[in-house]
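Spelled out, the chains give:
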Amino acid sequence: MNEMNPSPEIRPKSRFYYGWIIVLLTFVTLLVSAGIRSLPSVLLLPFQDEFGWSRGSISSVISIGILLYGLVGPFSASLLLRFGFRKVIICSLSVLGLSLAVTPFIHALWQFELLWGVVSGLSTGMMANVLGVTVSNQWFAKRKGLIIGLLTASAATGQLLFLPLFAKLTSDLGWRYAVYLAVASIVVVLVAVAIWMRNHPYEVGAAPYGSTEVVKPEPFRGNILIAPLHNLRLAMKHPTFWLLAGTFFFCGFSTNGLIGTHLIAACGDHGMLEVAAAGLLAMMGIFDLFGTTISGWLSDRFDSRKLLFWYYGLRGLSLLFLPFALNSASPAMLVVFSVFYGLDWIATVPPTAKLAGETFGKERSGMIFGWVVVAHQIGASTAAYGAGVLRDWLGSYSQAFVIAGFVCFVAAVMAMQIRKAQSRAAEMAM
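Residues numbered from 1 in each chain as written. Predicted model: local features only at pLDDT ≥ 70, side-chain atom pairs only at ≥ 80, totals over all residues. Heavy atoms only, no water.

Draft legend 1. Representation of helix 10 (residues 226-235) within the structure. Taken together, the buried positions of helix 10 are Ala-227, Pro-228, Asn-231, Leu-232, Leu-234 and Ala-235. One side of helix 10 carries all its buried residues, which in axial view fall inside an arc of 160°. (Buried < 20%, exposed > 50% of the residue type's maximum accessible area, 1.4 Å probe, protein only. Helix = DSSP H or I, 4+ residues; strand = E, 2+ residues; numbered from the N terminus. Arc of directions from axis to C-beta.)

Put into structure tokens, the structure is as follows:
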């Protein structure tokens, strides 16, 4: 019998809902995946010193990884529905762990491109925001916004836990020891997922949270590769899709592609030690954990497009403030930026996912949101490479930060157009 449709286990009724264990496992999986994806920002300067590679060349590898991380998302959604969470996560963690284990032996740029641009990008992409959205759809009928916000915040928590450790190990013992820590973390998570992960409430004889009906999961229909492309073709007919994808392009451009990749190096340009700069990113992680979780709670209660307007607008202001904070040589200014920017880092995900679900329905929302995430990663990839090139040309990251600030204002205006576009989309579907 297919793993997605086993007979439910006979269990005594309990007030504890097993879905919370699934949320915890997913949180930890996304946390470790995000922490490992943040490692290249710590490796940028050591690789430049050890191998003599330019900052633009190293940034190009990070850019490829970010792009593939996003491109695999829609196909990840179909794989998760076809084979279940446990099989997909175990396979992805195994491949990621193997690529990390080989990394300490690299000596050429093409090897770094293969392991971190291709293998790491694809494997971590299977454990990205689409996983959190799919888990919330399968296990929860209510509080979806809160769950998506919590699982999205795991990316920030990954930075909170891993970046200072990676930076400290790199500074004291060398970058290879940071990679060894990442491999050990993967092994621990892989074992936990293999033992406790379940694919659907039906497997434990439960109903989705907020529902009373125990139902079998709908079997996945269609081709794993064709279904995401078919859903993309349908989504492209709706103006809402283009608005969501456009705002998310600017979201990626102004977050992991720019700040996540280059902030440590930018602080280094102004005389700040790598460990201290990693601490700033960790501080952002603390505040984003709260900001994104609260954003999920707010998206269950308020107009998502208005939330997006404020999120993008405030992020734009913080990015315009960053060059001033760096040039001031005042730690207090950078702390202000870290708090203000951190609260807003990926708070855009819950309202964006909710708008996608409202527009395209439960069955299609995972794959279509995956395509929206592709736009996010294209924006991040553009910023990761572009900021590195600008730094090589101009000797400063200030221009990149200012450009990102202004594109956030464009995203804020686009967000306010989504409601009208949704209305037109509904008319097209009739």
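Draft legend 2. Structural context of the pattern of salt bridges. All told, the structure shown has five salt bridges when counted by the stated rule. Between Asp-172 and Lys-168 there is a salt bridge, with the nearest N and O atoms lying 3.2 Å from each other. Taken together, the residues Asp-172 and Lys-168, both in helix 8 (residues 144-172) and four residues apart, mark about one turn of the helix. For Lys-168, a relative accessible area of 43% puts it in the partly exposed group. With a closest N to O distance of 3.2 Å, Arg-305 and Asp-303 form a salt bridge. Residue Arg-305 is classed as buried on the basis of its relative accessible area of 12%. (Salt bridge = Lys/Arg side-chain N within 4 Å of Asp/Glu carboxyl O.)

Draft legend 3. Main features of the nonpolar core. Counting 120 residues, the largest nonpolar core has Leu-100, Trp-139, Ile-259 and Phe-369 as its most contacted members. In terms of nonpolar packing, the next biggest core, distinct from the first, is built from five residues, Val-130, Phe-220, Ala-227 and Met-367 among them. (Core = buried A, V, L, I, M, F, W, Y, C linked by side-chain atoms within 4.5 Å.)

Draft legend 4. Layout of the side chain of Gln-377. Tracing the backbone through its elements, the reader meets Gln-377 in helix 17 (residues 362-394). Setting aside its immediate chain neighbours within four residues, Gln-377 contacts Ile-66, Leu-67, Tyr-69, Gly-70 and Asn-256. (Contact = heavy atoms within 4.5 Å.)

Draft legend 5. How the structure looks around the packing of helix 11 (residues 239-254) against helix 18 (residues 398-415). Two elements in contact, helix 11 and helix 18, have axes separated by 9 Å at closest approach and are oriented at 160°. The orientation of helix 11 relative to helix 18 falls into the category roughly antiparallel. The element helix 11 and its partner helix 18 pack so that their crossing is left-handed. Two secondary-structure elements touch here, helix 11 through Trp-242, Leu-243, Gly-246, Thr-247, Phe-250, Phe-253 and Ser-254 and helix 18 through Ile-403, Ala-404, Val-407, Cys-408, Val-410, Ala-411, Met-414 and Ala-415. (Axes fitted to C-alpha atoms, helices over the stretch in contact; angles between N-to-C directions. Parallel < 35°, antiparallel > 145°, perpendicular 65-115°, else oblique. Left-handed = near helix turned anticlockwise from the far one by under 90°.)

Draft legend 6. Region of interest: the packing of aromatic side chains. Scanning the entire structure with this criterion turns up 26 aromatic pairs. A ring pair is formed by Phe-47 and Trp-175, whose centres lie 4.8 Å apart and whose planes are at 75°; its orientation type is edge-to-face. Note that Phe-47 is positioned in helix 2 (residues 39-51) and Trp-175 in helix 9 (residues 175-196), a separation of 128 residues in sequence. Accessibility expressed as a relative area gives 0% for Phe-47, which makes it buried. Look at Trp-175 and you get buried, because its relative accessible area is 4%. Taking the centre distance of 6.0 Å and the plane angle of 80° together, the rings of Phe-406 and Phe-409 count as edge-to-face. Taken as a pair, Phe-406 and Phe-409 lie in helix 18 at a separation of three residues, close to a single helical turn. Stacked on the ring of Phe-83, the Lys or Arg Arg-82 has its end atom at 4.8 Å from the ring centre. (Phe/Tyr/Trp six-rings, centres within 6.5 Å; stacked < 30°, edge-to-face > 60°. Lys NZ or Arg CZ within 6 Å of the ring centre and 35° of its normal.)

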